[in-house]
Amino acid sequence: MNHHRAGRLLSAYVDGELTAAEARAVQEHLLDCAACRDAHDRLRATRDLLAGLPPAEPPAEFWANLRHPIAQGSVPSGVWMLRGAAARLRAAWRAGAWAPWRWVAVRRPAWALAAVAAMLMLAALPLVKGTVDRLHATEIGVDLYVHDHAMQMGHAPLVDRAYVGLVAGDAELVLAGETPRPVGDNVR
Amino acid sequence: MIRQAARAITAVLVLLVAGAAPAAPAAPRTVAPAAAAAPVSAADPSARTILHMALDAPRLIDYEGTKIITALRNGRMETVTVAESHKRPNLLRLEYLSPEDVAGRLIIDDGTVARHYEPALNMLFEDRSIQDTGGVADLTLLARNYDTALLGTDEVIGRRAYVISLTPHGTGVQRQLWVDRLTGTVLRSEDRDASRGLVLTTYFSRISFSLNLPQAYFRYRPPAGVRVVSLEDSMAGTDGGRMSPAQLEQAVGFPVLVPPALPEGYTFRGGAVSRFASLTSAYLRYSDGGNIISFFEAPAGSIGWPAMGLPVRVQSQPGRYIDLGYIRVLKWEERALRITAVGTAPSETLMLVAGQLITGREDLTVADV
């Protein structure tokens, strides 16, 4: 196993999440590689530190603060949920539960940045999806409206249904993401 | 001995094939100028009676035939062949035979749902019906806004047909119909545009009546692994497309603009909400009984400009005009809305209406005719 791959599997190795064959390969690499041994020791120390932390207890006023607005019905659900979450985070901070994460941020800034980037991406997903939908709408705009117009034409008296089917059918293909039907050899 | 027997069998087969061929000659591929072969006689019914006969025919007659459609598409005339079958009152089966890029396309419509199967892609589209749902009001509008005249009688694939013309009082497509004397079925039709001449012609090259077409012929069983795309809900729950602009405005959540003046004969027939992916558009339908102009309005940020078409100016605002052939599209921006007009009306008519839209009038309701 090369140094790069072993480095990527190290965290999973410490957590015991590798297959027997992978774990054996990492073990063999650790015997030869001082850098990876060092990284392995640090990861184990972090894991042990996290495992040794007591559960974070919220401050005494936390539940009272949380329950009071719910009982009163004066605060919208979204607001009290946010307040609750903020209070829990504050309590965890006071209890020192964030210490290992501070350590990760200082010692492994790349990991911290990657985690922040992942969170931002998740948060921005609806925005990105909306943009993609709008781009898609740009492409299908004319076909969508021609389709809807053709469907209405079908309800007018004496309009040829086979022609309506042709126009609406062509538009449906574009709406499904297929390429529009070309103007072929059957035209003059 | 064997050779003689083979010749005899071949001769019998040739005779059988000849016997099975349609007795009537097929209509010519090139559409002749619209002129009736025989003038109107005193015994002929009125044009209005023939029109009603044509409108009633689908409820009374079953048929199966081959139809040739020639339509203006992207500046050229395109010819499409389709096997069309109808079983009363509202079962329709359309199987497109040529050109190659539509060959095999199948549409089966039961009057409620239209199922469109595209064999090359193994895709099935489920959509609203493309058949007339009994637009009595549109028929009244047609009678009000069109001059209906009987031009005489003509022969189409060996059958006698009345030739009637429907000419709009205002601008729009003029239609000529060849209506079968015995069944009322439209055997041939021609749509003419004032500026471009013939834009759409249809005719049956073969037709058979009074067949006992099995119900199963109008059912569709999708093949295994078919990808189903449903478009049925794109205008669902919008009061059957008869919402007023005020109701529409409430449903879409942005101001809806309406034209203060319409081309002659056109009346507001109702609104609906058109939805596709994240795009929500207000849809307004105007009709003169024979032609429709559709307006689609969406917030400017939600939809871009199409790549195709000619850049135009609408009331000094940028716009785009797309001539698809029989159907024309005009797109422009007004008061933070991107508006699209679609119709068969001449480009001048669309341009006239565009840029004159005003904020939704509360009193504008579906016209009762």
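As a reminder, the structure under discussion sits directly above these lines.
Only a predicted model underlies this, so the values are computations on that prediction, with no experimental measurement involved. (Residues numbered from 1 in each chain as written. Chains lettered and ligands numbered in written order. Predicted model: local features only at pLDDT ≥ 70, side-chain atom pairs only at ≥ 80, totals over all residues. Heavy atoms only, no water.)

A few words on the overall build of chain A. Summing up its helical and strand segments, chain A has 8 helices and 0 strands in all. Counting from the amino terminus, chain A carries its helices and strands in the arrangement α-α-α-α-α-α-α-α. Of all 188 residues assigned to chain A, the portion counted as buried reaches 37%. Total accessible area on chain A is roughly 11,400 Å²; 63% of this is exposed by carbon and sulfur atoms. (Helix = DSSP H or I, 4+ residues; strand = E, 2+ residues; numbered from the N terminus. Buried < 20%, exposed > 50% of the residue type's maximum accessible area, 1.4 Å probe, protein only. Areas by Shrake-Rupley, 256 points an atom, 1.4 Å probe, with all protein chains shown as cover.)

This next bit is on helix α4 (residues 245-252) of chain B. Residues and elements named next belong to chain B. Every buried residue of α4 is accounted for by P245, L248 and V252. Along α4, the residues classed as buried sweep out an arc of 55° about the axis, all on the same side. Buried residues along α4 sit in contact with β13 (257-258), β14 (267-276) and β15 (279-287). Among the residues trailing α4, G253 stands out with phi positive, at a value near 80°. (Arc of directions from axis to C-beta. Contact = heavy atoms within 4.5 Å.)

Residues and elements named next belong to chain B. Residue P89 follows R88 across a cis peptide bond; omega there is 0°. Its location among the elements puts P89 in the loop between β2 (76-87) and β3 (91-98). With an omega of 5°, the peptide bond between S98 and P99 qualifies as cis. Within the secondary structure layout, P99 lies in the loop between β3 and β4 (106-109). With a phi angle near 50°, N74 is a residue other than glycine that sits in the positive phi range. Its location among the elements puts N74 in the loop between β1 (63-73) and β2. Residue N74 is classed as partly exposed on the basis of its relative accessible area of 40%. Phi at A336 is positive, roughly 65°, even though this residue is not glycine. Assignment of secondary structure puts A336 in the loop between β19 (328-334) and β20 (337-343). On the basis of relative accessible area, A336 is assigned to the exposed category, the value being 56%.

In this section: the nonpolar core. Residues A:Y145, A:Y163, B:L94, B:Y96 and B:Y326 are the most contacted members of the largest nonpolar core, which totals 51 residues. Among the elements that take part in this core, helix α8 (residues 161-175) of chain A stands out by supplying 8 residues, more than any other. Beyond its immediate chain neighbours, meaning those up to four positions away, B:L94 contacts A:R161, A:A162, B:V82, B:A83, B:E84, B:R105, B:L106, B:I107 and B:I130. Counting 27 residues, the second-largest nonpolar core is a separate cluster that includes B:M243, B:L284, B:Y321 and B:A354. (Core = buried A, V, L, I, M, F, W, Y, C linked by side-chain atoms within 4.5 Å.)

Residues and elements named next belong to chain B. Here 7 strands make up an open sheet; going across it, the order is β14-β15-β16-β20-β19-β18-β17 and the pairing antiparallel. Each edge of the open sheet is held by one strand with a lone partner, namely β14 and β17 (310-314). For this sheet, the mean inter-axis angle between neighbouring strands, taken without regard to orientation, is 25°. Across 7 bridges, strand β16 (residues 292-299) lies against β20 in antiparallel orientation. Along β20, the bridge assignment pairs P299 with L337. (Pairing = 2+ DSSP bridges. Axes fitted to C-alpha atoms, helices over the stretch in contact; angles between N-to-C directions.)

With 45 residues of chain A at the interface, the matching set in chain B holds 78 residues. Taken together, both faces of the contact between chain A and chain B bury some 5,300 Å²; the carbon and sulfur share is 64%. For the pair chain A and chain B, the number of links is 6 salt bridges. Where A:D170 meets B:R105, a salt bridge forms, and the shortest distance between an N and an O atom there is 2.8 Å. Where chain A touches chain B, the interface holds 16 residue pairs in polar contact (both at pLDDT 80 or more). When contributions to the side of chain A that touches chain B are tallied by element, the ones reaching two or more residues are α7 (109-153) and α8 of chain A. With 18 residues, the single largest contributor to the side of chain A that touches chain B is α7(A). (Buried area = accessible area lost by both parts, 1.4 Å probe. Salt bridge = Lys/Arg side-chain N within 4 Å of Asp/Glu carboxyl O. Polar contact = N/O pair within 3.5 Å; in protein donor to acceptor, adjacent residues only side chain to side chain.)

In this section: the environment of B:A282. Position of B:A282 among the secondary structure elements: in strand β15. In this structure, the C-alpha to C-alpha distance between B:A282 and B:E297, residues 15 residues apart in sequence, is 5.0 Å.

What follows deals with the packing of aromatic side chains. Tallied over the entire structure, the rule returns 8 aromatic pairs over all chains. Measuring from centroid to centroid gives 5.3 Å for A:Y163 and B:Y326, while their planes differ by 90°, and the two rings are edge-to-face. Here B:Y326 lies in the loop between β18 (317-323) and β19 and A:Y163 lies in helix α8, a pairing that spans two chains. Taking the centre distance of 5.5 Å and the plane angle of 85° together, the rings of B:Y217 and B:F218 count as edge-to-face. Since its relative accessible area comes to 30%, B:Y217 is described here as partly exposed. According to the relative accessible area criterion, B:F218 is buried, its value standing at 5%. Pairwise contacts between aromatic rings join A:Y145, B:Y283 and B:F296 into one cluster. Directly above the aromatic system of B:Y96 lies the positively charged group of B:R105, at a separation of 6.0 Å from the ring centroid. Residue placement shows B:R188 over the ring face of B:W178; its charged tip is 4.1 Å from the ring centre. (Phe/Tyr/Trp six-rings, centres within 6.5 Å; stacked < 30°, edge-to-face > 60°. Lys NZ or Arg CZ within 6 Å of the ring centre and 35° of its normal.)

Quick look at the pattern of salt bridges now. The full count for this structure, using the stated rule, is 26 salt bridges over all chains. When the shortest N-O distance is used, the salt bridge between B:D193 and B:R196 registers 3.5 Å. Linked through salt bridges whose partners overlap, the residues forming this network are A:D170, A:R181, B:R73, B:E78, B:D101, B:R105 and B:E118.

Now for the sheet that holds β3(B). Spatially, the 12 strands line up as an open sheet ordered β7-β8-β9-β10-β11-β1-β2-β3-β4-β5-β6-β12 (chain B), and their pairing is mixed. Each edge of the open sheet is held by one strand with a lone partner, namely β7 (146-156) and β12 (227-230) of chain B. Averaged over neighbouring strand pairs, the angle between their axes works out to 20° when direction is ignored. Of the strands in this sheet, β1, β2, β3, β4, β5 (113-118), β6 (123-128) and β11 (197-209) of chain B are in contact with α8(A), which crosses β3(B) at around 70°.

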